[in-house]
Amino acid sequence: MRKLLLAVLWIAFLGGGTALGQTPSPPAGQAELVTALLERIDRLERRVNDLENKLACAPEPCATNAKLVTASAVDPPAPAAKNATMQEHQDHPMPAVEQSTYPSMQIRGFGDVDFFATDQKGTTSGFDLGQFVLHIASPLSKKVTYFGEVSFTAQNVAQSTVYALQVERTLIRYDYDDFFKISFGKYHTPVNYWNTEFHHGLWLQTTIARPEMVKFGGTFIPVHFVGLLGEGEIPSGGVGLNYQVGMGNGRGENIATAGDAGDINNNRAWVVNLFSRPQHIYGLQMGGSFYGDEITTPTAPRMKELISAVHFVWTRETPEFLSEFANVHHRVLDTGQVFNSLAYYIQVAYRLPWLEKKWKPYYRFEYIHAPKGEPVLHGTNLVESTAGVRYDITEFAAFKTEYRSTKRATNEPRFNGVFLQTCFTF
Amino acid sequence: MSASPIRRAAGFLAAVCLALVALQSLDAQGQHDSSVAVVVHPDVPVTNLTLQEVRSVFLGDRQYWNSKLPVVLLIRAPVAHERDVVLRVIYEMSEVQFKRYWIAKIFRAESATPPKIVYSNDITNELTAAIPGAIAFLDSQDVRPGIKVVRVDGHLPGEPGYPLK
């Protein structure tokens, strides 16, 4: 009896062990299972193909499958051969060819949580929620697509926190072909590489913050543009030339904002951007742009504005190299007085080959100088060094740690800060 | 005197191990040696592309074969041999970089949709034959009639100088 009881307990233990063994396997095991299943599908498909070929070729000798298709690739098949091909396909249930249903909206989100501590007088350290960004892409037909981007930013207003909702981009684009696409709406002005490369997706950029010359809410370069934009490739062989030409409202009364609700004068802003992505030097992009506008603000005289900018970037991560230079030329219409303000940054990063390639140290140097007496850009001087490291926690989230040393004006002391960020896409 | 048979046995075992390793390596080579063909829907008006042009198409920079025929990208799901070759030779990216690339591409409003994911070579064959403008990669052994194989840098799969291996 005792032996029987022990046997039952032993069987129960083994059964329990088996049941435990049936618990879901860890992700690594699942990946192996998926791999094995996919390989099995391939093997089965090959086997079916072989069998079909044997059946099809039974009455007469035939070439190998690869040779048949190779021949059809070079010379168009004769009608009889085409019919045979069609017949062959009719024998198989065709997969449900994707019926394009329009609109087909996709939404992607970006978010970040930040911490900062600096020794700058008058500032406090602490956390902030950064921006909550939603991006929408929705094809409306084969050739018409809508893109949108909205942001929610926490702001302290009158002893309470509010979330400012901003439409950052909203545009509808019609594609004729690769050489001509036209769109209408609100854009990030294509006068600057960073502005149109990373938008509000902090997870996409290596560093925690944008360069000062294109920071959101900044005045050096108009970040937004409301109007129309034509863009496309320029037939140039392997040079990979592209253009963007736009016309719009330009800067608003507050020159940090675009004229979303209408222009403040009868002068349209314009932008021309030319850049090259050489096919033979994969990862390189270089280009230049011009932006013209008339600035009308209540606090400054009427001015003509001409911004010229160039960029040279290497987008591969081993190394990553980004550099931009911009000159903002203002001419006061009443007096003819001229002001040239310049800004540039150089950023270098390198994705380390060790530790699953998750670490990416970086360094950026920035410089901005606006001359004394500049009517709208006064006080935007900056010399800043940023050194940090990005660690990709997962495929879609990253940690960044940064040290910045900043000097804003010659008579002001340099201040230092430590910045942390976790950013992600979802 | 007594060490000699042991040495012989050890030598024999070492030879067997080496032979096994060599066979396994040959087998592995045999499994992955097949070229990957660039295939398109029969109506796509190309028969030859340079490797840079294939890259331009798969990077989503070239989006139209002509004004009436948009490019439709098909790509195998992760862990397929074809995908490995495409990521290594065409994109020169890891899986993570590839995913990030397409998120950024759509975010920049340069493309409305990422490549469509296909789960087997049979489905690749059938979708490429059925979708106007489709372009995909297939193990050259698995290419079936009804789709067009495109020369890359003037070479067909299996020819010397063909880059997609």
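Residues numbered from 1 in each chain as written. Chains lettered and ligands numbered in written order. Predicted model: local features only at pLDDT ≥ 70, side-chain atom pairs only at ≥ 80, totals over all residues.

Draft legend 1. Structural view of the overall build of chain B. Check the secondary structure of chain B and you find five helices and eight strands. The N-to-C order of helical and strand elements in chain B reads α-β-β-α-β-β-β-α-α-β-α-β-β. Across the 165 residues that make up chain B, the buried fraction comes to 36%. (Helix = DSSP H or I, 4+ residues; strand = E, 2+ residues; numbered from the N terminus. Buried ≥ 20, exposed ≤ 12 C-beta atoms within 10 Å, placed from the backbone.)

Draft legend 2. Region of interest: the overall build of chain A. If you tally the helices and strands in chain A, you get five helices and 17 strands. Relative to its full complement of 426 residues, chain A shows a buried share of 29%. Put simply, 51% of the contacts in chain A that link residues at least 6 apart link residues at least 24 apart. (Contact = placed C-beta atoms within 7 Å.)

Draft legend 3. Structural detail: the interface of chain B and chain A. Contact residues are listed per partner, giving 42 residues for chain B and 43 residues for chain A. Put simply, the parts of the chain that give the side of chain B that touches chain A at least two residues each are helix 2 (51-58), strand 3 (64-66), helix 4 (95-107), helix 5 (121-130) and strand 8 (148-152) of chain B. Looking at the side of chain B that touches chain A element by element, the count peaks at seven residues for helix 5 of chain B. Here the side of chain B that touches chain A is composed, by residue class, of 20 nonpolar, twelve polar and ten charged. (Nonpolar A, V, L, I, M, F, W, Y, C, P; charged D, E, K, R; others polar.)

Draft legend 4. Spatial organisation of the pairing of strand 11 (residues 300-314) of chain A. All names here are of chain A. Here strand 10 (residues 284-297) pairs with strand 11 via 13 bridges, running antiparallel. Looking at the pairing, Gly287 lines up with His311 of strand 11. Joining the antiparallel neighbours strand 10 and strand 11 is a turn of two residues. Pairing between strand 11 and strand 12 (residues 320-332): twelve bridges, direction antiparallel. In the strand pairing of strand 12, Leu306 is matched with His329. Here strand 11 folds back onto strand 12, and the loop between the two strands holds five residues. (Pairing = 2+ DSSP bridges.)

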